Amino acid sequence: MNRPLAASAALGGPLGQPLFELENVTKVYNPGGEQEVEVLHGVSLQIRQGEFVAIMGASGSGKTTLMNILGCLDRPTGGLYRLAGVDVAALDRGELAWLRRTMFGFVFQSYNLIGTASALENVEIPAIYAGQKTAERKRRAADLLGFLGLSERLDHRPNQLSGGQQQRVSIARALMNGGTAILADEPTGALDSKSGAEVLKFLEELADQGHTVIIITHDAEVARHARRKIEIKDGAIVSDTLQNGGNVLSIAPMEPLDFDDHGFHLGEFVETLRMSLRALRANLLRTVLTLLGIVIGVGSVVAMLAVGEGARQAVLDRIGSMGTDLLLVRPGAPNQRGNGGSIATLVPEDAEAMLGLPNVLAAVPELNASVTIRFGDNDYQTTATGTGADMTVIRDWPVGRGSFFTRADASRYAAVTVLGQTVVNNLFPEGIDPVGKFVLINNVPFQVLGVMSPKGATASGSDQDDVIFVPLSTGSLRLFGQRNVRTITVAVKDVSKIDQTQDAVAALLTERHHAEDFQIRNMAAILQTAEETQNTLTILLGSVGAISLIVGGIGVMNIMLVSVTERTREIGIRMATGARTRNILQQFLTEAVVVSIFGGVLGIGCGFAMAAGFAQFGVPVHVAPDVVALAFGCAVAVGLVFGFAPALKASRLDPVVALASE
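The structure contained in this document is the topic of the report that follows. Quick caveat, the model's predicted, so the values are computed rather than measured.

## Concerning the layout of surface pockets
So, point 1. By volume, the second largest pocket is sized at about 490 Å³.
So, point 2. Lining the second largest pocket are 20 residues, with Pro-348, Glu-352, Ala-410, Leu-472 and Ser-473 sitting closest to its centre.
So, point 3. Mapped onto the lining of the second largest pocket, the elements with two or more residues apiece are helix H10 (348-354), strand S12 (360-375), helix H12 (407-411) and helix H14 (472-480).
So, point 4. Taken together, the residues that form the lining of the second largest pocket break down as eleven nonpolar, four polar and five charged.

## Some thoughts on the sheet that holds strand S4 (residues 78-83)
So, point 1. Read across the sheet, four strands follow the order S2-S1-S4-S5 without closing on themselves; strand pairing throughout is antiparallel. A strand with exactly one partner marks an edge of an open sheet, and here the two such strands are strand S2 (37-48) and strand S5 (86-87).
So, point 2. For strand S1 (residues 18-29) and S4, the ladder comprises five bridges, and the chain directions are antiparallel. By the bridge assignment for S4, Glu-23 is matched with Leu-80.

## Observations concerning unusual backbone geometry
So, point 1. The backbone phi angle of Asn-30 is positive, close to 55 degrees, even though this residue is not glycine.
So, point 2. Counting through the fold element by element, Asn-30 comes out in the loop between S1 and S2.
So, point 3. Since its relative accessible area comes to 40%, Asn-30 is described here as partly exposed.
So, point 4. Non-glycine residue Cys-72 carries a positive phi angle of around 60 degrees.
So, point 5. Its place among the elements puts Cys-72 in the loop between helix H1 (63-70) and S4.
So, point 6. Under the relative-accessibility criterion, Cys-72 is labelled buried at 3%.

## Concerning empty space enclosed by the protein
So, point 1. Considering all chains together, one arrives at two cavities of 30 Å³ or more under this definition.
So, point 2. The calculated volume of the largest cavity comes to roughly 90 Å³.
So, point 3. For the lining of the largest cavity, the residue count by class is five nonpolar, four polar and three charged.
So, point 4. Volume-wise, the second largest cavity comes out at about 80 Å³.
So, point 5. What lines the second largest cavity is simply Arg-100, Arg-101, Phe-104, Gly-105, Phe-106, Pro-126, Arg-173, Ala-174, Asn-177, Ala-576 and Thr-577.

## Quick notes on the packing of helix H17 (residues 568-576) against helix H18 (residues 581-616)
So, point 1. Two numbers describe how H17 lies on H18: the axes approach to 10 Å, and their chain directions differ by 140 degrees. It follows from the interaxial angle that H17 and H18 lie oblique. At the point where H17 passes H18, the crossing takes the right-handed sense. Two secondary-structure elements touch here, H17 through Glu-570, Ile-571, Arg-574 and Met-575 and H18 through Ile-584, Gln-587 and Phe-588.
So, point 2. Counted by class, the contact of H17 with H18 contains four nonpolar, one polar and two charged residues.

## With respect to the sheet that holds strand S10 (residues 236-242)
So, point 1. One open sheet accounts for six strands, arranged S6-S7-S8-S3-S9-S10; its pairing is mixed. Sheet topology places strand S6 (104-107) and S10 at the edges, where each strand pairs with a single neighbour. Sheet twist, expressed as the average angle between the axes of neighbouring strands with direction ignored, equals 15 degrees.
So, point 2. Summarising the sheet, strand S7 (residues 181-185) and strand S8 (residues 212-217) pair through five bridges and their orientation is parallel. Counted as the bridge partner of Asp-185 is Ile-216 from S8.
So, point 3. Set on the sheet, helix H5 (residues 163-175) makes contact with S6 and S7; between it and S6 the angle comes to about 170 degrees.

Cut-offs and rules
- Residues numbered from 1 in each chain as written.
- Predicted model: local features only at pLDDT ≥ 70, side-chain atom pairs only at ≥ 80, totals over all residues.
- Heavy atoms only, no water.
- 1 Å grid on protein atoms, 1.4 Å probe; cavity = no way out; pocket = protein on both sides within 12 Å on 5 of 7 lines; lining within 4 Å.
- Points joined across faces, edges and corners; volume = space filled by probe spheres on them.
- Helix = DSSP H or I, 4+ residues; strand = E, 2+ residues; numbered from the N terminus.
- Nonpolar A, V, L, I, M, F, W, Y, C, P; charged D, E, K, R; others polar.
- Pairing = 2+ DSSP bridges.
- Buried < 20%, exposed > 50% of the residue type's maximum accessible area, 1.4 Å probe, protein only.
- Axes fitted to C-alpha atoms, helices over the stretch in contact; angles between N-to-C directions.
- Parallel < 35°, antiparallel > 145°, perpendicular 65-115°, else oblique.
- Left-handed = near helix turned anticlockwise from the far one by under 90°.
- Contact = heavy atoms within 4.5 Å.

If you want it as structure tokens, here you go:
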């Protein structure tokens, strides 16, 4: 008969060497405690390769504990246990996992199949942890299930299979990596008589092919199929007899155990990711609730930082539009309160004197007042600013049409003006070019030399284009009725020397006025202070979002801890089929990170939506790419940090305790 089984032994030669050797093995639960219970009392036993053994005993006799020790799911409290000549007590968790993955196949009474996985996926599990390639693994799992009569059930989950079918899936899983030793704990206990007979027949066939088969049972009828029967009572072996002609199969010697783990590989990560996605999909509501905390946290970080960055940009743009290479000189002593325009200490000659200082590019005095401008039958109320010819240079505000007045215009007190775009829109009918036209400003005729390019509104909403400019000399004489100026704006050539220039301007004015009756604002220093203040505000807003993200992270940890508790049996199944500590750690940590990644992506989308909503209400927002990257990185970090504790807890579970969990 052609079998798709990996033979663990070859015909020819004497009966195999001892595979299991126990000498005075004891097992005590809760040692040293008030409820100390000794289950095994000095058990000594040898089972050779290729034997078909039934360990029989009543409930509580210690037979299942003995099987757990033989299968490296549990450790003895005392005595010596050698497996293929190796002292099991000297092996670490990784080496024990290698043994469970490479040598053993477990067939449990309760089947111990993973409910969220199909029959094919359940059978594949040992090969996944052994590092088999996907195509090879799937082909072998399908062959095994086909041999066991389940070809039509590959995609069925355990709850879609009968008890006998589930047990056959369990047997196929036990054989996936070869199954040198098959340990079957009450394999027919949950089956009807027909299904039980089929399972026992198949176990007999496995023994005939060279597998070492150990059945743990309390049923004498089941034990009758074995070729050696060991009876255990109250934790001690009371009889050990051959039956059915004994174990006569000849077995070739085993190769020495090498515990070669082959290390981590990319395929292992891919399989971990696939299993994690399947687990998250199986608990969709829990996954969504976990996502929600991350979404809210990441969305808050993005939105708050967008608002903070937007406010920072608005303030800096407003200050920057005035120029960062400027000094603003206003009248009045440094500690004097009141409107600088009403304090008469600065005169145009002060600006002329400043032009002689080193590093001064321009010095423009200004004075303004509210005026009425008329063209034809149209009147319009606006602000007239008397200034110098270098105003366009200092403010970086070019003329859109025509030209700006010159120094010659100022020196001859020319009645000329340049209009802002808003004034033009309100004063002149459509289609009329104002350049060259004459207007009345407070009933004084002025000729329009040009129109300024549109500048738009400031962050506070004031219209910068609602203004007209006239030479300061002309305005002082014919419009304002005073010579004292409201401000002098000084542009420097080298902004790195702006502090020295500020000191020089202060010294010059003090010498001219014989008093410190002025105030100087350094725009570069103001910009730096404003930027520091806005950065602090941005950090504060970001911290509010970060708190939400941390709360979401705590939610991830809580949900993952619940998941570990609910899936403890699954963890035990994976360990029994060869999962290493790192495999369990990777799976649960990957689940937490995957949730955080999905939550991060959705949260970024929500953050954009919230930022857009703020913008609709006039709140300045700016979503920078580095903010998005920071929020996403924080989401991933939250998954790693808050998912690590539950993942570590899962990876440190004892296999036998995990399997006993309900």
